[in-house]
Every structure is written in C-alpha cells, then in structure tokens.
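Chains, contacts and geometry: an overview
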Amino acid sequence: MSIQSTTQKTPIVDKGLDAQTIKKLPGPPEFTEELRMRQETDGVLLESFLIYEPEHQATWFKDDVPLLGALDFDEKYQPFLERRGDWTYCALAIRHLSNDDAGNYMVNVRNKHGEKANHVRLSMKDENAPTKGGIEPTFFRKPSSRQEGKKLHLECEIEALPRPDIFWFLGTTQIEESDKYSMFRAIQPSNPNIHFVRLTINEPSAADGGNYVVKAVNSVGEKDCTLALNFGGGAEDEENVPARIYEQPLLLQPNPSTIILEAHIHANPKPKITWLCNGDFVKESEKKVARVEAKDGEKNKWTATLTILNPSKADSGDYKCSVKNKWGNDHTTFNLG
C-alpha cells in the first residue's frame, strides 16, 4: 500500500519574510504553504507552517467530521501545534494506515483575529490493484447554498481525473437547463483536477424545496452528494431538515456550583453534537456532562446542553457547540470568562 497525494501544491504566502517583518503582522492565521504529506515508517504526516502567533488553536477534520486525537503514541490521530523558531508547526500524524484513511482532511486554525482553513486529500493506493490511470470523483467541498438576489446558487467542488460529467437531480428527477435552472462549471487555477460546479435556481419558492443531488461520473468511478433545501414549510411536513441553531445560545447558572451552556437546534434527523473548548474536544466526565434532548411539543426541535459542575478558572475559555446531521451543519460559540 502506498500513499498518493492528489492535490497540487502552490505557495500561500512568502516564507522568506524576515523575523522583524513577521512580528509586525497581527491578524488572522496565515499558512506559509498548503498542507503537504510526508510518509513515516508507521504512518503519514499532514503538515504545514503558520506565521507565528502564540494563541493559535487548531481543529482537524476528515470528510467534515471532527477527529478525536491526542498527543499519545497509541492514538490513531496525533495533532501537533508548536512553535519552531519564527513559525508555528501545524501537523497531524495518522498511524496504522488502511484504505479507510483515504479522504479529505482539513485543519481549521483560529486566533483572536480570525480563522483560516487548509486542506489536503489523502488517497490510499493498493500496489497490487490494476492502475485506473486517474482520480475517482470525490467531493473536495460538499454542496452548499447561497442567495444572490432572486437567485439561489447550489455550489460544490469535485476532484476528478479525467474531467467528470456532472448531473443534477431533484429527488430522482434529472434537472435540465431551462429558464428555471442554469448550470455552470470551471476548474481551480492551481489544480486543474478540482472542478467547481454550480446549479442556479431562478426565483426559488417553497415548491422548489427537496433533496438536490449532484452526481459526478468519469471513467474511474462515480460519486454523488445530497443537499436538502427547505423553504420554511411548517413543522408538520418537515421530513429532511439541515441541522441549524435557530435561537441565541444561553449561558445559565442555576446555582453557584453549576454552569450550563445551552443551544437550540432545528434538525431532522437527530443531530450529532460536538463540544470544543479552546479548539480541543471536551471529554465527558463526572464534571462535564453533554446531552441532547427533543423539545417537548415541538417537532424537529432539540436542546443541546453542556453542564459543568463545580466550575473553576481552569474551565474558562471559548466553547464551541457544533451540530450536524446528514443534511447540514452549524455551530455557535460561548465565552466562559
């Protein structure tokens, strides 16, 4: 088994800056280069450098799912975020590689000025398998929607070689170019294997709600992905609802020894909840308890809570509640001083 990188590398910022210049650049995190892969005897390193800032926090994802890992040799995933001279070294070690490790990896780094993401795709190639001579379609960026006046754009990025054929569906019905729908595609200048595709819906209405499927096909394989659109129908007919936080989050203290972080979520199916503090995953214990419960009398409404017992100064920080289901994801933040 060998490791195959399918993302072309291009510089992001000039790493030739002198130390004095670097220290005069307050602002959001800046990577010096795209994530690169380096093979080791027991796995692979995904690594890059950032212009140094002492308060960087990093979270790693695989195919948009947060990865649990710690600086422990026995862990599958081992993140690194440390100062090396005038730079911050940012890396993820993946041990005990298998074909299941193939996918799109992302690190999201933030500081007090903002945040920045960096991506790389890890492909696992079976040396005994016949060579297909290309890249099977993979969603480099999953579909998302954005409004522009009276138009709604559904957009995503797909990595594939050779150039894939793109098909859009509403449910099981294929969408064709018309006055209602228009389609666009382009390639990423830094990597011609990344294809940007867009479906535009003109003057969308409630009748346009449903599951939109984009399918990419080439000689190596095929892949599809679904985006659910809901235009505000009543709760009684909400079958597929992307996970969204719909109210201002609450920071409660029912008594001096208890703090509760509470978020209200609209979702169907039931959302998966992940809590982070200062970029690190919150591990449940007798001191910290996370729950998600359906709201009484309200369909597809959920309450997610993180209860902190006997809070101390060590519990302070920036908390993030991430919510996700098969149709979408969202997050909200809390500052616990």
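In what follows, the structure referred to is the one given above.
First, a word on what this report is: a plain description of the structure on this page. Note that this is a predicted model, so its numbers are computed, not measured. (Residues numbered from 1 in each chain as written. Predicted model: local features only at pLDDT ≥ 70, side-chain atom pairs only at ≥ 80, totals over all residues. Heavy atoms only, no water.)

Broken down by element type, the protein chain carries 1 helix and 26 strands. A total of 337 residues make up the protein chain; the buried ones form 43% of that total. In the protein chain, once contacts between residues fewer than 6 apart in sequence are set aside, the share between residues at least 24 apart is 61%. (Helix = DSSP H or I, 4+ residues; strand = E, 2+ residues; numbered from the N terminus. Buried < 20%, exposed > 50% of the residue type's maximum accessible area, 1.4 Å probe, protein only. Contact = heavy atoms within 4.5 Å.)

What follows concerns the sheet that holds strand 3 (residues 43-51). Here 4 strands make up an open sheet; going across it, the order is 2-3-7-6 and the pairing antiparallel. Looking at the sheet topology across the chains shown, the edges are occupied by strand 2 (36-40) and strand 6 (77-84). Between one strand and the next, the sheet's axes are offset by a mean angle of 25°, whatever the strand orientation. Relative to strand 3, strand 2 runs antiparallel, the two being bridged by 5 bridges. Residue Gln39 lies in a different strand from strand 3, and its bridge partner there is Val44. (Pairing = 2+ DSSP bridges. Axes fitted to C-alpha atoms, helices over the stretch in contact; angles between N-to-C directions.)

As a further point, take the pairing of strand 18 (residues 241-245). With 4 of 5 residues buried, strand 18 is to be regarded as a mostly interior element. Bridge analysis of strand 18 against strand 20 (residues 258-268) gives 3 bridges, and the strand direction is antiparallel. When the sheet's bridge partners are listed, Val241 is paired in strand 20 with Asn268.

By the element assignment, Ala206 lies in the loop between strand 15 (191-202) and strand 16 (210-217). Among the residues examined, Ala206 registers a relative accessible area of 62% and is labelled exposed.

The next thing to look at is the sheet that holds strand 25 (residues 317-325). On the basis of which strands lie adjacent, the open sheet formed by 4 strands has the order 22-21-25-26 and antiparallel pairing. For this open sheet the edge positions go to strand 22 (280-281) and strand 26 (328-336), each flanked by a neighbour on one side alone. As paired strands, strand 21 (residues 272-277) and strand 22 are joined by 2 bridges and run antiparallel to one another. Residue Cys277 lies in a different strand from strand 22, and its bridge partner there is Asp280.

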